[in-house]
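Observations on the model geometry
Each chain, letter by letter, is given below.
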4 protein chains.
Amino acid sequence: MEVAILGATGYTGCELVRLLCRHPAVEITFASSESSAGSSLSQVHPQFYRLCELELQPLRLSDIPASVELVFCALPHGRSASLVPALLAAGKRVIDLSADFRLREASLYESWYGQVHPAPELLDKAVYGLPEINRAAIAGAELIANPGCYPTAALLALAPLAAEKLIQWESLVIDAKSGVSGAGRTPRQPYHFPECTENFRAYRVAGHQHTPEIEQCLSRLSGEEAAITFTPHLVPMARGIFCTVYLRLRRRCGEEQLERLYRDYYRGHPFVRLLPPPLLPETRLVRGSNYCDLALRFDERSGRLIILSAIDNLVKGAAGQAVQNMNLLCGLPEETGLTQPPLG
Amino acid sequence: MEVAILGATGYTGCELVRLLCRHPAVEITFASSESSAGSSLSQVHPQFYRLCELELQPLRLSDIPASVELVFCALPHGRSASLVPALLAAGKRVIDLSADFRLREASLYESWYGQVHPAPELLDKAVYGLPEINRAAIAGAELIANPGCYPTAALLALAPLAAEKLIQWESLVIDAKSGVSGAGRTPRQPYHFPECTENFRAYRVAGHQHTPEIEQCLSRLSGEEAAITFTPHLVPMARGIFCTVYLRLRRRCGEEQLERLYRDYYRGHPFVRLLPPPLLPETRLVRGSNYCDLALRFDERSGRLIILSAIDNLVKGAAGQAVQNMNLLCGLPEETGLTQPPLG
Amino acid sequence: MEVAILGATGYTGCELVRLLCRHPAVEITFASSESSAGSSLSQVHPQFYRLCELELQPLRLSDIPASVELVFCALPHGRSASLVPALLAAGKRVIDLSADFRLREASLYESWYGQVHPAPELLDKAVYGLPEINRAAIAGAELIANPGCYPTAALLALAPLAAEKLIQWESLVIDAKSGVSGAGRTPRQPYHFPECTENFRAYRVAGHQHTPEIEQCLSRLSGEEAAITFTPHLVPMARGIFCTVYLRLRRRCGEEQLERLYRDYYRGHPFVRLLPPPLLPETRLVRGSNYCDLALRFDERSGRLIILSAIDNLVKGAAGQAVQNMNLLCGLPEETGLTQPPLG
Amino acid sequence: MEVAILGATGYTGCELVRLLCRHPAVEITFASSESSAGSSLSQVHPQFYRLCELELQPLRLSDIPASVELVFCALPHGRSASLVPALLAAGKRVIDLSADFRLREASLYESWYGQVHPAPELLDKAVYGLPEINRAAIAGAELIANPGCYPTAALLALAPLAAEKLIQWESLVIDAKSGVSGAGRTPRQPYHFPECTENFRAYRVAGHQHTPEIEQCLSRLSGEEAAITFTPHLVPMARGIFCTVYLRLRRRCGEEQLERLYRDYYRGHPFVRLLPPPLLPETRLVRGSNYCDLALRFDERSGRLIILSAIDNLVKGAAGQAVQNMNLLCGLPEETGLTQPPLG
């Protein structure tokens, strides 16, 4: 199958190339870059020298070969939504890695992303691409909204509890930590090496745009009005997201019972690993892989459940999840091209 | 004034040397090290070459010169408590940087530190050395229990609210992150460079021994039974502690009102900086200094207050605070020897 | 084919597991660990949870199944040489990742490694496993001495020049830099995170044990008496080796002519990439992969040639090269199981 | 004494503020920033909150108060030289931290910096501000050219040998490694955190603009035509420069004799520390301080001398050296304001 990547030189696009250039069922036949059109991909990302020698194209939809069946949009939000209608009209399936089709309500998009939605008519059509909670719908989708990195880590930590209506919503706190690649590839002051190394900080406290995405999905899973407190932090490392989730349960459950609930919920989902005690997730343990590692701890003293989750933000949090969605879309085994062990 | 440092080669002891070797009112005349006795300090820590050429001694109390008035104990917990009685009997004042005299109840110490307290009769005598809440008592103390690093960052974030009985205790979550020097200088697997770099993880979830220290101090400040959820994490950096504190208030207060409360509470305390919006604390901004930076954010959507605090764990979280306590003890201006700007 | 890994929990052994657990022609059926016998591999290295659930065995040769055809020795030097004779006698082929069989002369081994060689009679039999210069001999070997990490990076930078007798030996300087995983997995003071991060230093100046290994191979390639100056340094990163090689040529050659020489020499060797100008090697660009990246620059002002090389010390510098050797030994395509792109 | 800092928000300017805000003899009364004029310094660099609340000014020379006696120019090269004539004309003394007045010949400047020199008439007047080789001239200077970071580390490693005409010039190689702050504060792709962390690379091989500065000074010291090979590398850390210098001596000297030579040469120079064996320099050991640490090793096998040097590029390599020059200029003890021990 031929695929195209729009925005192939950002970190997400580049990670798609890493995963797809060895994928047995796929060939990348078109890759665009607005900043580097005319160069080869390996001039921009020399790790691909002799592995992927695609020439980067300017982004003109008419240049995408007719033989391309699936398009990955790894573009800034807003930009994606302006192109997707034409791609669908041309008969392509689309996996959009931007935020544009994740929220169901255009008004929510506008208030959190600060712009009018360019294609609100497609919001109903888009399928939220978190395979562990939405596998059936993904298989038949034309347009997949690939989840955000924080939402992936937070939702996989919470989905089994939400589905069982076990969460006391007013108790829920998600304290999240991300590596710097989550901020994208464009150089900016706060991500300049000397300002990040040996530094830890919070950002967008009480105002990060992934908040409504997490709430929307938890609401759907639970049939309840979900409300969260979500705080992102920046960690001096390139890759990885770690979530520490705090909540109280509606009903008292033991750790064993909770573990059973999680194991049942994720049975048949190869990329979620509930670690056996005393193991706890670490971002290093999933680096370069599509795994989401989880652990549960009950704090007897406070009566709080603490859930820990870790993903590689560029893999399960972006490009790996997109490939997983592509596999489902194409009827391939879900793990195809995603079996590399973590780098450790 | 002559001082002694017991345990001068660990990170805390070494940081005491850094701060004291340029302190205008103090001379270090005795420094012990069990592992490196017989070497000079600068053979173990060559950054002090030509700056501090003390010879390291084995730890025999009888070798501490009579002229030493004040002893810093930077020893492992348990070890300190076994030596302090003799030091006090010899007429020395003691600032203990271990955990041994922080908890008021020997039974609490035993259940969290897993050993019988060697000198429970001194627990009443020890003064908890957090100058911002205890300055008067420190000035006249014979034995000061220097606070833990996490408790320092957490308590300075919460003290004004506790003192005003504003905290809904069941809502309180302290999500804390530390650099690796907090684990001490002894090499161990989890702190081996290749396992820490580019990694983020939690540890001792629902069971860290600083939990009761934080609770004890909050209980005292508030006159209420404080109960917290406290989760420590390890950040791939050498220095720094960052706390993200979540809670609900008993009474609705605006951000301005809260800021006023904090400014009033910390008036005259030079090392606490409440950052003006939009600034947020970062560990880099306090590195190498004795500052604790704070910020407050109210999350309108969830009705939660979020408090952020940052310290250098080796300075305000250990050695710097000990020097601050020493200054108070000796009637010196509180900032003496502690005026270096952060390294940034 | 069934293989065994002796010393499966060190970084080299662990990297062998990472590469072999997805290798299409191989099954690991025995893995030993002296420190962790009785545990499963994934208890020690949780990144392998659900990927490789081998139980770690104590190291008794009689326990290695008869069906095992090939044994990887990832043991400390000295230990390997004491076991290899029995393994060969039992009809196994052996790839030894220690230094034990790299030097041809027992006396050299003794003077650089400080111990008597346990099996000097095998030194003639052992084949130096650098496929780019020794491919034919490797295919038929019973015992392969897998090269050191520094020698791999240095020799691939120099082999074409040595083979052409172009090197003025007295001008040759190899300034090498390594990530910390090169020091092994055992925690020790200089590799404790807070002492490594934000630090750069040299070590074993004028005395590193890889010096004679590099000289021996250059001597063989050139038929001349090679003598080098080699200085290793420690870089605050987990993986990667970078060599900066300085030399004068016997005959004046232009950069183009040199590039042709290198391209010819490495034609048909898929893991050596001579980067086209203006690209220069970076350790990040080969991370996680078996590539060795090279670049040549002629310094007109001084008449010196500068050669830059980069590898991942755990892959091309150890486990990846061992798998490459195994492929050759077994008549498999050289790249089998080694096609993952660099992580970037 | 009142001083001004032009370009106070770059890393060099910011480090000047760190050192000068606690300097006992100096007050900063003017600080300019083109990008942040109108903000306070602590809005741009919040580590200075409550420590230095200067308002940043646009750079208009007429706004510099008449009471300012000394001006630090921490501006991009080219910009400095265009302003210095007017500053001198206004009777200010100037310490220029750019490269503009380091080279004696305008033609050399033009070929390495790619622009016509704006004030070639001042080149003769400028004094090269490396106090360890030029102390007397500095004391009476009107215009000081503060040395580059690499030249400082390289020259202090070589000055005693150059002065004794001991260097075989054709053998000299300087392999230098720098932390990322050396690239300045402006965010650019190669210094974006995810591209630097866990990465090591060379840059500007055989073409770095500090090459002629090093050669010029070595030529002067030796009275010979110095020619060097100089290769800079980028290390994943914020601060620090490390030089590994290789050379052959004209006359055979033992390590002891060389050490004596160095001790004699640097007697009375408090910031150069020749470390006693077995100690070797590490960038961590000088971090935050004005020290340059040195060690010498003779490689018996190759007959080469290897010299190792380490500095903090922002202190001894820039702002600290400027303060040292200021002290000399003002008749203050050379160490004034520069006595902080390294952070370690």
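Refer to the structure presented above.
A short tour of the structure in this document, coming up. A quick note: this is a predicted structure, and the numbers were derived from the prediction, not measured.

Section: the sheet that holds strand E4 (residues 93–96) of chain B
Residues and elements named next belong to chain B.
- Strand order across the open sheet formed by six strands is E2-E1-E3-E4-E6-E5, with parallel pairing between neighbours. Edge positions in the sheet fall to strand E2 (27–32) and strand E5 (127–128), since each of these pairs with one other strand and no more.
- In terms of strand pairing, E5 meets strand E6 (residues 143–145) through two bridges, oriented parallel. Paired with tyrosine 128 across the two strands is alanine 145, which belongs to E6.
- Contacts between helix H1 (residues 11–20) and the sheet are confined to strand E1 (2–6), E2 and strand E3 (68–73), with E1 contributing the most and set at about 160° to the helix.

Topic: the interface of chain D and chain C
- If you look at the interface, chain D gives 48 residues, while chain C gives 48 residues.
- For the pair chain D and chain C, the summed buried area comes to about 3700 Å², and 53% of that belongs to carbon and sulfur atoms.
- Summed over the three residues of chain D that lose the most area to chain C, namely Glu198, Phe200 and Arg301 of chain D, the buried surface amounts to 18% of that side.
- Linking chain D to chain C there are six salt bridges.
- Of the charged contacts in the structure, one is a salt bridge between arginine 301 of chain C and glutamate 215 of chain D, with a shortest N-O distance of 2.5 Å.
- Across the chain D-chain C interface, the total number found is 34 residue pairs in polar contact (both at pLDDT 80 or more).
- Within the residue set of the side of chain D that touches chain C, elements represented by two or more residues are strand E7 (173–178), helix H7 (193–196), strand E8 (201–202), helix H8 (211–222), strand E9 (229–234), strand E10 (241–247), strand E12 (292–299) and strand E13 (304–311) of chain D.
- If one sorts the elements of the side of chain D that touches chain C by residue count, E7 of chain D sits on top with four residues.
- When the residues that make up the side of chain D that touches chain C are grouped by side-chain class, the tally is 22 nonpolar, ten polar and 16 charged.

Quick look at the relation of the copies chain D and chain C
- In screw terms, the move from chain D to chain C is a rotation of 180° and a rise of 0.0 Å along the axis, fitting with an RMSD of 0.0 Å. Considering both components of the superposition, the chain copies are consistent with a two-fold axis.
- A shared interface surface links the copies, since 100% of the contact residues of chain D are contact residues in chain C too.

A few points about the nonpolar core
- Leu161 of chain B together with Leu161 of chain C are the most contacted members of the largest nonpolar core, which has 101 residues in total.
- In this view, leucine 161 of chain C contacts Leu166, Ile167, Leu247, Leu249, Leu258, Leu261, Tyr262, Leu305 and Ile307 of chain C; residues no more than four positions away in its chain are not counted.

Observations regarding the packing of helix H6 (residues 149–163) of chain C against helix H9 (residues 255–266) of chain C
Residue and element names in this part refer to chain C.
- As a packed pair, H6 and H9 sit with axes 10 Å apart at the nearest point and diverge in direction by 105°. The orientation of H6 relative to H9 falls into the category roughly perpendicular. Contact with H6, carried on its side by Leu155, Leu156, Ala157, Leu158, Ala159, Pro160, Leu161 and Ala163, involves Leu258, Leu261, Tyr262, Tyr265 and Tyr266 of H9 and no other residues of that element.
- Its residues assigned to classes, the contact of H6 with H9 shows 13 nonpolar, no polar and no charged.

Side note on the side chain of asparagine 290 of chain B
Residues and elements named next belong to chain B.
- Note on placement: asparagine 290 falls in the loop between strand E11 (272–274) and strand E12 (292–299).
- For asparagine 290, a relative accessible area of 1% corresponds to the buried category.
- Looking at asparagine 290, its side chain comes within polar contact range of the main-chain nitrogen of glutamine 321, at 3.5 Å.
- A polar side-chain atom of asparagine 290 sits 3.1 Å from a polar atom in the side chain of glutamine 324.
- If we ignore the near neighbours within four places in the chain, the residues touching asparagine 290 are Phe271, Val315, Lys316, Gly320, Gln321, Gln324 and Leu338.

Regarding unusual backbone geometry
- Here the bond from proline 277 of chain A into proline 278 of chain A is cis, since omega is 5°, no more than 30 degrees from zero.
- Note that proline 278 of chain A resides in the loop between strand E11 (272–274) and strand E12 (292–299).
- A positive phi is found at arginine 50 of chain D, a non-glycine position, where the angle reads about 70°.
- Tracing the sequence through the fold places arginine 50 of chain D in the loop between helix H2 (41–44) and strand E3 (68–73).

Some points on the pairing of strand E1 (residues 2–6) of chain C
All names here are of chain C.
- Most of E1 is tucked away, with four of its five residues classed as buried.
- When E1 meets strand E3 (residues 68–73), the two strands line up parallel, connected through five bridges. Bridge pairing in E3 places glutamate 2 opposite valine 68.
- Direction of pairing for E1 relative to strand E2 (residues 27–32): parallel, over a ladder of five bridges. Within E2, the position partnered with glutamate 2 by the bridge is glutamate 27.

Some remarks on helix H3 (residues 79–89) of chain C
All names here are of chain C.
- Along H3, the residues classified as buried are Ser80, Ala81, Leu83, Val84, Leu87 and Leu88. Projected down its long axis, H3 shows its buried positions confined to an angular sector of 165°, all on one face.
- Along its buried surface, H3 packs onto E1, E3, strand E4 (93–96) and strand E6 (143–145).
- Following H3 by one or two positions, glycine 91 has its phi on the positive side, about 85°.

Observations regarding the pattern of salt bridges
- Taken as a whole, this structure holds 84 salt bridges over all chains when the rule is applied.
- Aspartate 175 of chain B is paired through a salt bridge with lysine 177 of chain A; the nearest N and O atoms lie 3.1 Å apart. Separated into two different chains, aspartate 175 of chain B in strand E7 (residues 173–178) and lysine 177 of chain A in strand E7 (residues 173–178) make up a pair that spans both. Here aspartate 175 of chain B and lysine 177 of chain A have matching classes, each one buried.
- A salt bridge links arginine 250 of chain C to glutamate 224 of chain C; the nearest nitrogen and oxygen atoms lie 2.8 Å apart. With arginine 250 of chain C in the loop between strand E10 (241–249) and H9 and glutamate 224 of chain C in the loop between helix H8 (211–222) and strand E9 (229–234), this pair connects stretches of sequence that are 26 residues apart.
- Residue glutamate 224 of chain C is classed as buried on the basis of its relative accessible area of 17%.

What counts and how
Residues numbered from 1 in each chain as written. Chains lettered and ligands numbered in written order. Predicted model: local features only at pLDDT ≥ 70, side-chain atom pairs only at ≥ 80, totals over all residues. Heavy atoms only, no water. Pairing = 2+ DSSP bridges. Helix = DSSP H or I, 4+ residues; strand = E, 2+ residues; numbered from the N terminus. Contact = heavy atoms within 4.5 Å. Axes fitted to C-alpha atoms, helices over the stretch in contact; angles between N-to-C directions. Buried area = accessible area lost by both parts, 1.4 Å probe. Salt bridge = Lys/Arg side-chain N within 4 Å of Asp/Glu carboxyl O. Polar contact = N/O pair within 3.5 Å; in protein donor to acceptor, adjacent residues only side chain to side chain. Nonpolar A, V, L, I, M, F, W, Y, C, P; charged D, E, K, R; others polar. Least-squares fit on C-alpha atoms with pLDDT ≥ 70 in both. Core = buried A, V, L, I, M, F, W, Y, C linked by side-chain atoms within 4.5 Å. Buried < 20%, exposed > 50% of the residue type's maximum accessible area, 1.4 Å probe, protein only. Parallel < 35°, antiparallel > 145°, perpendicular 65-115°, else oblique. Arc of directions from axis to C-beta.

Everything listed here is a matter of geometry and, on its own, says nothing about what the molecule does.
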